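What follows is each chain in one-letter form.
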Number of protein chains: 2
Amino acid sequence: MWQLYQFPLCPFSRKVRLMLSEKGIAYELWRENPWEMREAFMHMNPAGRTPVLHDPERAITLIDSRAICEYIEETTDRVPLIIGTASARAEIRRLVALFDENFFADVTGPLLNEKMKKRIFLKQPPESRVLRDAMRLAHEHLYYIDYLVDHRPWLAGPTMSMADLAAAAQISVADYLGGLDWNGHDQARAWYSVFKSRPSFRPLLAERMEVIQPPIHYADVNA
Amino acid sequence: MWQLYQFPLCPFSRKVRLMLSEKGIAYELWRENPWEMREAFMHMNPAGRTPVLHDPERAITLIDSRAICEYIEETTDRVPLIIGTASARAEIRRLVALFDENFFADVTGPLLNEKMKKRIFLKQPPESRVLRDAMRLAHEHLYYIDYLVDHRPWLAGPTMSMADLAAAAQISVADYLGGLDWNGHDQARAWYSVFKSRPSFRPLLAERMEVIQPPIHYADVNA
Ligand SMILES: N[C@@H](CCC(=O)N[C@@H](CS)C(=O)NCC(=O)O)C(=O)O
Ligand SMILES: N[C@@H](CCC(=O)N[C@@H](CS)C(=O)NCC(=O)O)C(=O)O
């Protein structure tokens with residue numbers, strides 16, 4: 001069985017979990033805190049990052065969430081998530097990169113730093129300037145989602161794709177950390193609440209990270 | 001014909017240029033300085049980043065170097081660069097991510113910031129502590145390349161792949177900016193010098209960026 005090395009608030013691990021669940025592939029969760037740089041983990045992934053998807057029986061080790069998702073897509077027939085013409089697939093991958101890289105750099109990354117890492121290691125309070133910037137940039141990203149779902153049923157086109165999974169993964173972590181203000185983002189909120197009620201999403205919403213609790217609306221599918 | 005929006009020292013654009021050349025696909029270079037946030041460019045790519053690959057006749061706009069490379073791979077039969085079993089393809093994509101993300105964050109990004117951006121905008125000298133850190137981390141990445149080519153003819157396996165292109169693209173920019181010390185990296189140097197003499201690579205090595213000149217060994221295929 002697949003073993004996924006991850007921690008609850010890693011957005012890239014969440015994307016892989018959503019992908020595995022949507023495809024109906026069984027996996028075990030293995031807790032890994034990459035910041036501890038555990039030797040056996042560094043040996044598995046020299047980059048020292050989560051997620052890593054490992055199958056001990058077949059001696060397969062997959063690293064990097066996009067490489068993992070492409071692998072899963074190539075090795076399963078069910079529920080295709082990188083679909084359509086070459087251009088449509090490029091649009092899906094553009095949006096995945098936008099959320100993995102820009103949303104993470106602007107919003108999820110700074111929130112994780114300020115609210116999780118500083119708390120766990122440095123026992124320091126978060127810096128309010130950094131939090132304000134992250135929340136301001138989060139608005140811009142939510143506006144872009146509003147715009148996309150004004151034009152298309154799902155982020156990349158007529159059907160659910162890996163782009164929706166990548167976006168929902170980042171957003172769910174930012175929302176857990178209290179970094180999103182949904183006011184004025186009705187379209188984005190409607191798209192996200194459809195996601196929140198998918199069976200693949202429920203386990204993520206039920207999980208809690210020690211030391212940090214999410215806001216009340218976080219796991220509420222009607223919020 | 002394809003138009004590639006790029007600037008000479010953008011490593012992600014270099015990866016796409018290598019890919020197009022290796023596949024024998026014609027393209028035009030369009031100079032774009034993303035830091036100028038030109039309105040028409042921001043309209044084309046809301047993320048405001050190079051590279052963008054655009055075909056005006058077919059109205060195709062491709063964004064994000066990995067999405068672009070996957071598109072090129074999917075739409076051409078010649079010179080496959082994401083090859084082999086699903087696991088082999090995952091290994092290629094892991095290494096692409098390692099160079100695009102970790103090498104860029106550790107080495108190319110800081111060098112571009114200190115040596116190019118500070119010079120062009122802020123008219124400030126580079127910070128020597130940042131340059132030292134980048135050069136120290138560059139050694140670690142070169143050791144990893146030494147290790148890989150000790151075990152395999154090319155970075156990801158028996159044949160040249162997108163991993164080699166991604167690595168060579170980052171390395172060529174770091175080398176241009178004087179950030180690499182090749183001493184003690186004979187294996188990496190041998191792998192890279194084979195690359196430097198490929199026809200796809202020659203145009204990159206011949207190009208110069210205004211205001212910054214590369215070290216003497218940079219374009220020397222025997223160095
Ligand atoms: N491109 C990677 C990014 C993975 C990543 O940044 N993971 C974070 C946790 S959310 C991590 O392990 N950070 C520790 C580090 O970079 O040292 C992916 O998509 O898998
Ligand atoms: N993941 C993107 C990264 C592109 C990127 O970071 N490009 C840089 C130039 S080397 C850029 O445009 N930076 C400007 C910005 O981020 O605003 C890709 O692979 O295309």
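Structure shown above.
The structure reproduced in this document is the subject of the present report. (Residues numbered from 1 in each chain as written. Chains lettered and ligands numbered in written order. Predicted model: local features only at pLDDT ≥ 70, side-chain atom pairs only at ≥ 80, totals over all residues. Heavy atoms only, no water.)

The immediate surroundings of ligand 1 are formed by A:Phe7, A:Cys10, A:Pro11, A:Phe12, A:Pro34, A:Arg49, A:Thr50, A:Pro51, A:Asp64, A:Ser65 and B:Glu101. Of the chains in the model, those with residues near ligand 1 are chains A and B. A distance of 3.4 Å separates an oxygen atom of ligand 1 from a polar atom in the side chain of A:Arg49. Interatomic distance of 2.9 Å between a backbone N/O atom of A:Thr50 and a nitrogen atom of ligand 1. (Near = heavy atom within 4 Å. Polar contact = N/O pair within 3.5 Å; in protein donor to acceptor, adjacent residues only side chain to side chain.)

Attention shifts here to the relation of the copies chain A and chain B. Note: a rotation about an axis with an accompanying shift along it relates these two copies of the chain. Mapping chain A onto chain B calls for a rotation angle of 180 degrees and an axial translation of 0.0 Å; the resulting RMSD is 0.0 Å. The transformation relating the two chain copies, once decomposed into turn and shift, fits a two-fold axis. Most of the interface of chain A is mirrored in chain B, where 100% of its interface residues are also at the interface. (Least-squares fit on C-alpha atoms with pLDDT ≥ 70 in both. Contact = heavy atoms within 4.5 Å.)

Let us now look at the interface of chain A and chain B. Taken together, the contacts link 24 residues of chain A with 24 residues of chain B. Counting each side, the surface lost to burial between chain A and chain B is near 2000 Å², with a carbon and sulfur contribution of 55%. When the area that chain A buries against chain B is broken down by residue, the three leading residues are A:Glu74, A:Arg93 and A:Arg94, summing to 22%. Across the contact surface, chain A and chain B share 12 salt bridges. Residues B:Asp64 and A:Arg66 are paired through a salt bridge, measuring 3.8 Å at the closest nitrogen-oxygen approach. The interface formed by chain A and chain B holds six residue pairs in polar contact (both at pLDDT 80 or more) in total. Elements supplying a minimum of two residues to the side of chain A that touches chain B: strand S4 (60–63), helix H3 (65–75) and helix H4 (86–122) of chain A. Considering each element in turn, the side of chain A that touches chain B owes the most residues, 10 residues, to H4(A). Considered class by class, the residues forming the side of chain A that touches chain B number 12 nonpolar, three polar and nine charged. (Buried area = accessible area lost by both parts, 1.4 Å probe. Salt bridge = Lys/Arg side-chain N within 4 Å of Asp/Glu carboxyl O. Helix = DSSP H or I, 4+ residues; strand = E, 2+ residues; numbered from the N terminus. Nonpolar A, V, L, I, M, F, W, Y, C, P; charged D, E, K, R; others polar.)

Around ligand 2 sit A:Glu101, B:Phe7, B:Cys10, B:Pro11, B:Phe12, B:Pro34, B:Arg49, B:Thr50, B:Pro51, B:Asp64 and B:Ser65, and that is every residue in its neighbourhood. Near ligand 2, the surrounding residues belong to chains A and B. One of the backbone N or O atoms of B:Thr50 is found 2.9 Å from a nitrogen atom in ligand 2. At a separation of 2.5 Å, an oxygen atom of ligand 2 approaches a polar side-chain atom of B:Ser65. Summarising the interface, the protein chains cover 79% of the accessible area of ligand 2, which totals 510 Å² for the free molecule. Residue composition of the shell around ligand 2, grouped by class: six nonpolar, two polar and three charged. (Areas by Shrake-Rupley, 256 points an atom, 1.4 Å probe, with all protein chains shown as cover.)

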